[in-house]
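# Close look at the chain arrangement
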Amino acid sequence: MKLRITLAALAAAGFSLGANAATFEAQQPYQIFLVNGEKTSSTIVQNSHEVTLNEGKNQLAIGYTKDYSTRSNTRVLNGDPVIIKLDNVPADAELAITYQEPLNYQLARQFLREQDTRLTVVDKRSGQTVDAEIAVIPMPAGLNVAEGIQEYLMETRQAFNGRTEAAVAAAQEKFGDAVLDADAMEMLQHWWNAADADTRRAFQIWAIQQQ
């Protein structure tokens, strides 16, 4: 069978490597919407500012919201979502975004037009900049921002594929060498992200039974 490393195998390998989780922080006025295709606890009334990461490859979606209102004007700025891709996260990393905070409403508007060039990721332990791919995507319609972001990433073939080098290596050690069909893997990942928790659990059981 060409696709011998199943999604369940990769998931199991990823779970086994999650004990030494790294962390990522996005301070206010940023909040974290997605980590590796999964929604965080961010809601309309509660924001998520710190999450755990896998060792190796990760993808995050964050967004900027700040109230610059005055007595005479209502001015709430919502920036377009920012997608951050990290390829080599150490197991003990303490990452955070950093930027020069705009001092007023007009500077904030300019800043939001340039987020992809103004944001950097640093390791808080050393203060060193971490290699990261940072891009801005259009703000999705509707109130469920996280779901809209993930739908956009899937439609544009940018969704997190879950294949960290460490997880693949662990799966290969357990199940042997395999030639991966990239198209099949991408399709499995698409449906995995679209499924609810019960469906994912049922699929994992089915996949294990195929071994």
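Residues numbered from 1 in each chain as written. Predicted model: local features only at pLDDT ≥ 70, side-chain atom pairs only at ≥ 80, totals over all residues. Heavy atoms only, no water.

### Details of the overall build of the protein chain
Within the protein chain one finds seven helices and 11 strands. Counting all 211 residues of the protein chain, 38% fall into the buried class. Once local pairs closer than 6 in sequence are excluded, the contacts in the protein chain between residues at least 24 apart make up 69%. Total accessible area computed for the protein chain in this model is approximately 12,300 Å², and 49% of it derives from carbon and sulfur atoms. (Helix = DSSP H or I, 4+ residues; strand = E, 2+ residues; numbered from the N terminus. Buried < 20%, exposed > 50% of the residue type's maximum accessible area, 1.4 Å probe, protein only. Contact = heavy atoms within 4.5 Å. Areas by Shrake-Rupley, 256 points an atom, 1.4 Å probe, with all protein chains shown as cover.)

### Let's talk about the pairing of strand E8 (residues 94–98)
Of the strand pairs in this sheet, strand E1 (residues 22–25) and E8 are connected by three bridges, and their pairing is parallel. Bridge pairing in E8 links Thr-23 to Glu-94. Pairing geometry for E8 and strand E9 (residues 120–123), over four bridges, is antiparallel. Among the inter-strand pairings, Ile-97 is bridged to a residue of E9, identified as Val-121. (Pairing = 2+ DSSP bridges.)

### With respect to the environment of Gly-79
Among the structural elements, Gly-79 can be located in the loop between strand E6 (76–78) and strand E7 (82–89). The sequence separation of Gly-79 and Tyr-64 amounts to 15 residues, and the corresponding C-alpha distance is 5.0 Å. Dropping the residues within four chain positions of it, Gly-79 is found in contact with Tyr-64, Leu-112, Gln-115 and Met-139.

### Brief notes about the sheet that holds E1
Across the sheet, five strands lie side by side as E4-E1-E8-E9-E10; this open sheet has mixed pairing. Among the strands making up the open sheet, the edge pair consists of strand E4 (50–53) and strand E10 (129–130).

### Description of the pairing of E9
Pairing geometry for E9 and E10, over two bridges, is antiparallel. Each residue of the ladder has a partner; that of Val-122, found in E10, is Thr-129. If you look at the hairpin formed by E9 and E10, you'll find five residues sitting between the two strands, and Gly-127 has a positive phi there, around 80°.

### Brief notes about helix H4 (residues 145–155)
Listing the buried residues of H4 in full gives Val-145, Ala-146, Gly-148, Ile-149, Gln-150, Leu-153 and Met-154. Taken from the residues just after H4, Arg-157 is the one with a positive phi, measuring 60°.

### Thoughts on the nonpolar core
Phe-24, Tyr-30, Leu-53, Ile-62, Ile-84, Ile-97 and Leu-119 are the most contacted members of the largest nonpolar core, which totals 28 residues. Of all the secondary structure elements, the ones that give two or more residues to this core are E1, strand E2 (30–35), E4, strand E5 (56–67), E7, E8 and helix H2 (105–113). Filtering out sequence-adjacent residues up to four positions away, Leu-53 remains in contact with Ala-21, Ala-22, Thr-23, Phe-24, Val-35, Asn-58, Leu-60, Leu-86, Val-89 and Leu-95. (Core = buried A, V, L, I, M, F, W, Y, C linked by side-chain atoms within 4.5 Å.)

### A closer look at H2
Those residues of H2 that fall on the buried side of the exposure criterion are Tyr-105, Ala-108, Phe-111 and Leu-112. Projected down its long axis, H2 shows its buried positions confined to an angular sector of 115°, all on one face. For H2, the secondary structure elements touched by its buried residues are E2, E5, E6 and helix H3 (115–118). Sitting at the head of H2, Asn-104 places a side-chain oxygen 3.2 Å from the backbone nitrogen of Gln-106. (Arc of directions from axis to C-beta. Polar contact = N/O pair within 3.5 Å; in protein donor to acceptor, adjacent residues only side chain to side chain.)

### A short note on the confidence of the model for the protein chain
For the protein chain, per-residue confidence averages 79 on the pLDDT scale, and residues scoring 70 or more make up 73% of the total. Within the model, pLDDT remains below 50 along residues 1–19, and this stretch shows 43 contacts once partners closer than five positions in the same chain are excluded. (pLDDT = per-residue confidence, 0-100.)

### Some remarks on the pattern of salt bridges
For the structure on display, the rule yields six salt bridges. Ionic pairing is found between Glu-25 and Lys-124, a salt bridge with its closest N-O pair at 2.7 Å. Note that Glu-25 is positioned in strand E1 and Lys-124 in the loop between E9 and E10, a separation of 99 residues in sequence. A salt bridge links Asp-92 to Arg-125; its shortest N-O distance comes to 3.0 Å. Of the two residues, Asp-92 is situated in the loop between E7 and E8 and Arg-125 in the loop between E9 and E10; the sequence distance between them amounts to 33 residues. Three or more residues are tied together by salt bridges with common partners; here these are Asp-92, Asp-123 and Arg-125. (Salt bridge = Lys/Arg side-chain N within 4 Å of Asp/Glu carboxyl O.)

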